[in-house]
Amino acid sequence: MPPHVFADRVADPSPPSHDPVDSLITQTRRLRGDINAVRRGTPPKDESLARWRRALCDLALRHLGDLDGHLAQLREGPPDVRSTPDRGAPSVLTPAGRHPGTERRPGSPPARAGGAEWNLLTDEAVWTGELYAILGLDPSTAPLTLDELPSLVHPEDQPLLTAMVTGCLIDGKPLDGEFRIARPDGTERTVHMTGEPVLDVDGSTAAMWAVLRDVTELRHSERDVHRNRESLHHEDHVERAAHQVAVALQEAVLPPWGGPLRYPRRGPGLDLAAHYLPSSTSALIGGDWYDALELPDSDVLISVGDLTGHGVSVTSGMALLLGGLRATAVAGSAPAPLLGLLNHLLDASVQPSLGSAVVCRYRPASRTLQWAQAGHPAPLLFRDGTGRALPPPDGVLLGATTGAVYEQAEEQLHPGDLLLLHTDGLVPRHSGTAATQRLLALAPRFTRARCAQECVRLVVEELGEREREDDACVLVARVTD
């Protein structure tokens, strides 16, 4: 029989040079080490993201492991083949037996690919030893013929194998597909089969060769990546939905973020403006809030506060707190007892949390300010181009102690005075005294401002940096004539 010719090329019998292959193996193993280092690196704080990252690294390691194994086979030279009784027909694989010097080197990874050829003219089947290992068969037995091969294939995948082989032998199509095999030991593996018809000199199909690769672990890794990706998508959808709910709650509860705070009837001697500054490092809405309310006796309630945490639960807690704040203020409660009631509300809630707040009640008839605080920065008073923090009365965080009692202070205000109330985090990378001094330094610019809204704009321009770690809010109240 004349030499076999592949459908698209003549087989090159010359063995590859070992030096380039050794270099590729070294590069592959170095890359595996680099990926292992990435996998062991500092994991993301988000557990779902960490799982997806590990799964993707595992998948890359599987691919590189396969590549390492294939290169090792290439370096070791022609495989040991086993065949049916030799009838003198040549094979596109190699003659039986291993060439001298091509034994598997110590430490080489196990091979994951095996070769086979089925000669249609002689019914001879030639398999490599690696293929026996992949299929779980005894290497002392004869290779399976094309008619016998489907007996190893999962019943659901047998039509696929039949279609692949028929297309190759009759239509000259290359083999390329995956199917499951049931090994004699009861385990199931997934193999990827590639190959081509071998044409005789007259163009007829004389044989078919194939390479079968065990891709079971590779497919497991790909499924892990897919599952973790779906989990990330699901969690992202949940987070987006929660964010939308939190934003809707916040918008329903807080007065408008920009522009003056307006009231049903003419304002009682205060020019008010406020602004909310969201965090740039978190997509979740925080618990910072501000409020201004004209009371039935023409007094004005102004307040700012902060509940610990982020998300829907905190936003709903903020709504509960503001509802209680407004109701007790309308009922006539002064700031100190009002904070005591809010403390009880948080302490007795189903989901206890901590919060801070400053509550002020302004009496326009006397221009006096009554106020109390619960673990919160004191209001800043600006007058005649200078500013100072009001001495704070005693008060612990809301929700920290059952039955907490809060003290109350009073301050006499004058026309043109400006009060600035804010939450922690307004001054990026500063807190406590440092944050207060940064705000007090704005006093000369506040003097030149024409209204409360312009003062808020100055604060946002000065402190509203893009890289804000926490959300915050600011409220400005200016005493008018």
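The number of helices and strands found in the protein is 10 helices and 17 strands. The 481 residues of the protein split such that 43% are buried. Long-range contacts, defined here as pairs at least 24 residues apart, represent 68% of the contacts in the protein between residues at least 6 apart. Accessible surface computed for the protein: about 23,800 Å², of which carbon and sulfur atoms make up 55%.

To continue, consider the side chain of E411. Within the secondary structure, E411 sits in strand β15 (residues 409–412). A relative accessible area of 15% places E411 in the buried class. One polar contact links E411 to R388, side chain to side chain, over a distance of 2.7 Å. Once you skip the residues sitting within four places of it in the chain, E411 turns out to touch R367, T368, L369, L381, R388 and L390.

Right, let's get into the nonpolar core. Counting residues in hydrophobic clusters, the biggest one holds 26 residues, and the most contacted among them are W118, W127, L135, F179, M193 and M208. For this core, the elements supplying multiple residues, two or more each, are β3 (113–119), β4 (125–128), α3 (129–135), α4 (158–171), β5 (175–182), β6 (188–199) and β7 (205–214). Not counting the four nearest positions on each side in its chain, F179 is found in contact with V153, D157, L161, R189, T190, V191, M193 and L212.

What follows deals with the pairing of strand β16 (residues 418–422). Counting buried positions along β16 yields 5 of 5 residues, so the element is predominantly enclosed. Where strand β13 (residues 380–383) meets β16, 3 bridges bridge the pair, whose relative direction is antiparallel. Within β16, the position partnered with L380 by the bridge is L420. In this structure, β16 lies alongside strand β17 (residues 472–479), joined through 5 bridges in antiparallel fashion. Bridge pairing in β17 places L418 opposite R478.

With that settled, consider α4. Taking 1.5 Å of rise per residue, the 14 residues of α4 would be expected to cover 20 Å, and the 19 Å separating its terminal C-alpha atoms lies within 8% of that figure. Listed as buried for α4 are L161, M164, V165, G167 and C168. Summarising the axial view, the buried residues of α4 lie within an arc of 160°, below the 170-degree limit, and thus occupy one face. Along α4, exposed side chains directed more than 90 degrees from the buried face belong to P159, A163, I170 and D171.

Scanning all chains against the criterion turns up 15 salt bridges. Salt-bridge contacts for E156 lead to R180; the nearest nitrogen and oxygen are separated by 3.0 Å. Placement of E156 in the loop between α3 and α4 and of R180 in strand β5 is noted, with a sequence separation of 24 residues between them. Looking at R180, the relative accessible area reads 23%, which means it is partly exposed. What emerges from the salt-bridge pattern is a single network uniting D297, D299, R361 and R363.

Quick look at unusual backbone geometry now. One non-glycine residue, D123, adopts positive backbone phi at about 60°. The topology assignment puts D123 in the loop between β3 and β4. The phi dihedral of R367 is positive, around 55°, even though this residue is not glycine. Here R367 lies in the loop between β11 (355–363) and β12 (368–374).

Another aspect to go through is the sheet that holds β13. On the basis of which strands lie adjacent, the open sheet formed by 5 strands has the order β8-β17-β16-β13-β14 and antiparallel pairing. Strands with a single pairing partner mark the edges of an open sheet, and in this sheet they are β8 (270–277) and β14 (386–389). Going across the sheet, the axis of each strand differs from the next one's by a mean of 20°, ignoring polarity. Packing against the sheet, helix α8 (residues 432–440) makes contact with β13, β14 and β16, and its axis sits at approximately 25° to β13. Contacts from helix α10 (residues 452–463) reach β8, β16 and β17 within the one sheet, and its direction differs from that of β8 by about 25°.

Turning next to the pairing of β4. Of the two faces of β4, the one holding A125 and W127 and the one holding V126 and T128 are both buried throughout. The pairing of β3 with β4 spans 3 bridges and is antiparallel. Bridge assignment links E117 to a residue of β4, and that residue is V126. Taking the residues that link successive antiparallel strands as the turn, the β3-β4 hairpin has 5 residues, and the phi of D123 there is positive, at about 60°.

Along the polypeptide, P393 turns up in the loop between β14 and β15. With 15 residues separating them along the chain, P393 and Q408 place their C-alpha atoms 5.8 Å apart. When residues no more than four places from it in sequence are discounted, the contact partners of P393 are W371, A372, Q373, E407, Q408 and A409.

Turning our eyes to something else, we now look at the side chain of H376. Inspection of the secondary structure assignment puts H376 in the loop between β12 and β13. A distance of 2.9 Å separates a polar atom in the side chain of H376 from a polar atom in the side chain of S356. Beyond its immediate sequence surroundings of up to four residues, H376 is in contact with V304, G305, S356, A357, V358, H422 and T423.

Moving on, we come to α8. Within the sequence span of α8, burial applies to A435, L439 and L440. One side of α8 carries all its buried residues, which in axial view fall inside an arc of 135°.

About the thresholds
- Residues numbered from 1 in each chain as written.
- Predicted model: local features only at pLDDT ≥ 70, side-chain atom pairs only at ≥ 80, totals over all residues.
- Heavy atoms only, no water.
- Helix = DSSP H or I, 4+ residues; strand = E, 2+ residues; numbered from the N terminus.
- Buried < 20%, exposed > 50% of the residue type's maximum accessible area, 1.4 Å probe, protein only.
- Contact = heavy atoms within 4.5 Å.
- Areas by Shrake-Rupley, 256 points an atom, 1.4 Å probe, with all protein chains shown as cover.
- Polar contact = N/O pair within 3.5 Å; in protein donor to acceptor, adjacent residues only side chain to side chain.
- Core = buried A, V, L, I, M, F, W, Y, C linked by side-chain atoms within 4.5 Å.
- Pairing = 2+ DSSP bridges.
- Expected span 1.5 Å × (residues − 1).
- Arc of directions from axis to C-beta.
- Salt bridge = Lys/Arg side-chain N within 4 Å of Asp/Glu carboxyl O.
- Axes fitted to C-alpha atoms, helices over the stretch in contact; angles between N-to-C directions.

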